[in-house]
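What follows is each chain in one-letter form.
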Amino acid sequence: MKFELYNNKIFKECFLTVGEIIDDIVLECDSEGIRCNALDKSHITFVNLELNAALFDEYNCPTPTKAIVDSNELIKILKRMKPADVLHGEVTDSHFILRFEGDSSRTFKSALIDAEYDSAVPPRIDHSVCVELPSELLDTFLDDLLLFGENILFIVDEDYLICRGEGELGDSESKYLHGVNVSAVVRSKFSIAKIKAMMKARKVSRNVSLYLGDDLPCSVAFVSEDSCCRLKFLLAPRLEEEI
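Let us look at the structure shown here.

**Details of the sheet that holds strand S9 (residues 105-111)**
- Read from one edge of the open sheet, 5 strands run S5-S1-S7-S8-S9, paired in antiparallel fashion. Every interior strand has two partners, whereas the edge strands, strand S5 (58-60) and S9, have only one. Averaged over neighbouring strand pairs, the angle between their axes works out to 15° when direction is ignored.
- In this sheet, S5 lies alongside strand S1 (residues 2-5) in antiparallel orientation, the contact comprising 3 bridges. Across the sheet, the residue bridging to Lys2 is Asn60, located in S5.
- Sitting on the sheet, helix H2 (residues 71-78) is in contact with strand S8 (95-101) and S9, with an inclination near 10° to S8.

**What to know about unusual backbone geometry**
- The phi dihedral of His43 falls on the positive side, at around 60°, and the residue is not glycine.
- Relative to the helices and strands, His43 is located in the loop between strand S3 (33-39) and strand S4 (45-52).
- A relative accessible area of 59% means that His43 is categorised as exposed.

**Let's talk about the nonpolar core**
- Counting 70 residues, the largest nonpolar core has Phe3, Phe11, Phe96, Phe154 and Leu212 as its most contacted members.
- With 7 residues, helix H1 (residues 9-21) is the single largest residue contributor to this core.
- Residues in contact with Phe11, not counting those within four places in the same chain, are Phe3, Leu5, Leu51, Phe56, Leu78, Leu87 and Phe96.

**Considering the pattern of salt bridges**
- According to the stated counting rule, one finds 12 salt bridges in the structure shown.
- Among the salt bridges present, the one from Glu73 reaches Lys76, with a minimum N-O distance of 3.1 Å. Within this pair, Glu73 and its partner Lys76 are both found in helix H2, separated by 3 residues, close to a single helical turn.
- Residue Arg202 is joined to Glu136 by a salt bridge in which the shortest nitrogen-to-oxygen separation is 3.3 Å. Residue Arg202 is found in the loop between helix H4 (192-198) and strand S15 (207-212), and its partner Glu136 is found in helix H3 (residues 135-145); the two are separated by 66 residues along the sequence.
- Using a relative accessible area of 26% as the deciding quantity, one classes Arg202 as partly exposed.
- Linked through salt bridges whose partners overlap, the residues forming this network are Glu136, Asp139, Asp143, Lys196 and Arg202.

**A look at H2**
- For H2, every residue scored as buried is listed here: Ser71, Leu74, Ile75, Ile77 and Leu78. Taken end-on, H2 shows its buried residues confined to a sector of 165°, consistent with a single buried face. When the buried face of H2 is taken as reference, the exposed residues oriented beyond 90 degrees from it are Asn72 and Lys76.
- Taken together, the buried residues of H2 touch H1, strand S2 (24-30), strand S6 (65-70), S8 and S9.
- For H2, the N-terminal cap is Asp70; the gap from its side-chain oxygen to the backbone nitrogen of Asn72 is 3.0 Å.

What counts, and at which threshold
- Residues numbered from 1 in each chain as written.
- Predicted model: local features only at pLDDT ≥ 70, side-chain atom pairs only at ≥ 80, totals over all residues.
- Heavy atoms only, no water.
- Pairing = 2+ DSSP bridges.
- Helix = DSSP H or I, 4+ residues; strand = E, 2+ residues; numbered from the N terminus.
- Axes fitted to C-alpha atoms, helices over the stretch in contact; angles between N-to-C directions.
- Contact = heavy atoms within 4.5 Å.
- Buried < 20%, exposed > 50% of the residue type's maximum accessible area, 1.4 Å probe, protein only.
- Core = buried A, V, L, I, M, F, W, Y, C linked by side-chain atoms within 4.5 Å.
- Salt bridge = Lys/Arg side-chain N within 4 Å of Asp/Glu carboxyl O.
- Arc of directions from axis to C-beta.
- Polar contact = N/O pair within 3.5 Å; in protein donor to acceptor, adjacent residues only side chain to side chain.

Function cannot be read off these values alone, since they describe shape.
Right under this line is the structure:
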């Protein structure tokens, strides 16, 4: 598998985010593009990343290929990439090779992990509501809530998405007029830190979609403007007996 990408922003932001959540990145490549499905070690967060072949300026994967890369190593390499660098990638039998072409040419080889991995499969969940809001706004709400506690309570009523947090020394509440049809009020609680880790992908998309249901796992989804990149997280709720 080989690819070339002139605008490296989406590729970089996706893998920097995913790499902070899971230990090993399993790349599944075929003619349609690159996918990554994985659970974190705590089995609290499921990651689903899809990079369509159309995202790349050049992409060639004649036969299905699977490659397992150490997240920390990939993060260190991607942090060395400059915004103006043209990104060249290749998966060989032993390495994931990344070359950055700009005012110079720099090549990095990350050894593949020799292990058997079955692709993680997310559970099917019937969320009762989906709210789309600006990514930066949700990130602001989370920072506000961190002033007083570690958890966020999402409430969706007929008018608003309400983000509420409370602690021993105070509480915070933010509202967003969502404009969607809601048949019944939805409430569910989650770890702010877990969602904050996902929000590092906010540069991928101006908007983020929240799929919610009563005490169900929530889905946090980012889709690039050209729909060639889809990054979705599924997060288990914090139940009252766990808090």
